[in-house]
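These are the residues of each chain, in order.
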Amino acid sequence: MKLKITSPTVGKIEAVGSITGIKRSGDYVMVSTITTQPQGWDSEIALDHRDLTRVLWLVAKSSLPLFLLTGLKNRNSPRPLPRRW
């Protein structure tokens, strides 16, 4: 799984990495990531119940379900990420 992160506060740095785990910790769901380029950046995102319901609502009202269904045929060989997204 590829994860691409940009941050305007750090400058024009693009980090490429992957999600390493998802676990429940108290009232939060923790999403752990690690970058491969630049190497060694670990981060965690804490989502509470309100955040998770917001994410689910945004997914449901977007075109993401159609994207998931049509993407089943090329899930093992995805196209590269666009240069500027």
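None of the values given here were measured: they were computed from a predicted structure.

Another aspect to go through is the overall build of the chain. Broken down by element type, the chain carries two helices and four strands. When the elements of the chain are put in sequence order from the N terminus, they spell out β-β-β-β-α-α. With 85 residues in all, the chain has 12% of them scored as buried. Partitioning the contacts of the chain with sequence separation of at least 6, the portion at a separation of at least 24 is 12%. Summed over all atoms, the accessible surface of the chain reaches about 7,600 Å², with 59% contributed by carbon and sulfur.

It is worth spelling out the confidence of the model for the chain at this point. Averaged over every residue, the pLDDT of the chain is 80; residues scoring 70 or more account for 75%. Within the chain, the lowest mean pLDDT, 69, falls on strand β1 (residues 3-6), and the highest, 90, falls on helix α1 (residues 49-60).

Pairing analysis gives nine bridges linking strand β2 (residues 14-25) to strand β3 (residues 28-37), with the strands arranged antiparallel. For Gly17, the partnering residue across the bridge sits in β3 and is Thr35. Linking β2 back to β3 in an antiparallel pair, the connection comprises two residues, with Gly26 at a positive phi of about 65°.

For Thr35, the location among the structural elements is in strand β3. For Thr35, a relative accessible area of 8% gives the class buried. Those residues within four positions of Thr35 in sequence are excluded, and the remaining contacts are Ala15, Val16, Gly17, Gly40 and Trp41.

Our focus in this paragraph is the pairing of β3. Pairing analysis gives seven bridges linking β3 to strand β4 (residues 39-47), with the strands arranged antiparallel. Counted as the bridge partner of Thr36 is Gln39 from β4.

If you check α1, its first and last C-alpha atoms are 17 Å apart, about what twelve residues at 1.5 Å a residue would give, namely 16 Å. You can read the cap of α1 off the contacts: a side-chain oxygen lies 3.3 Å from the backbone nitrogen of Arg50, and it is on Asp48.

On to the environment of Gln39. Mapping Gln39 onto the fold places it in strand β4. Judged by relative accessible area, Gln39 falls into the exposed class, the value being 68%. Sequence separation between Gln39 and Gly17 is 22 residues; the distance between their C-alpha atoms is 8.6 Å.

What counts, and where the lines are drawn
- Residues numbered from 1 in each chain as written.
- Predicted model: local features only at pLDDT ≥ 70, side-chain atom pairs only at ≥ 80, totals over all residues.
- Heavy atoms only, no water.
- Helix = DSSP H or I, 4+ residues; strand = E, 2+ residues; numbered from the N terminus.
- Buried < 20%, exposed > 50% of the residue type's maximum accessible area, 1.4 Å probe, protein only.
- Contact = heavy atoms within 4.5 Å.
- Areas by Shrake-Rupley, 256 points an atom, 1.4 Å probe, with all protein chains shown as cover.
- pLDDT = per-residue confidence, 0-100.
- Pairing = 2+ DSSP bridges.
- Expected span 1.5 Å × (residues − 1).
- Polar contact = N/O pair within 3.5 Å; in protein donor to acceptor, adjacent residues only side chain to side chain.

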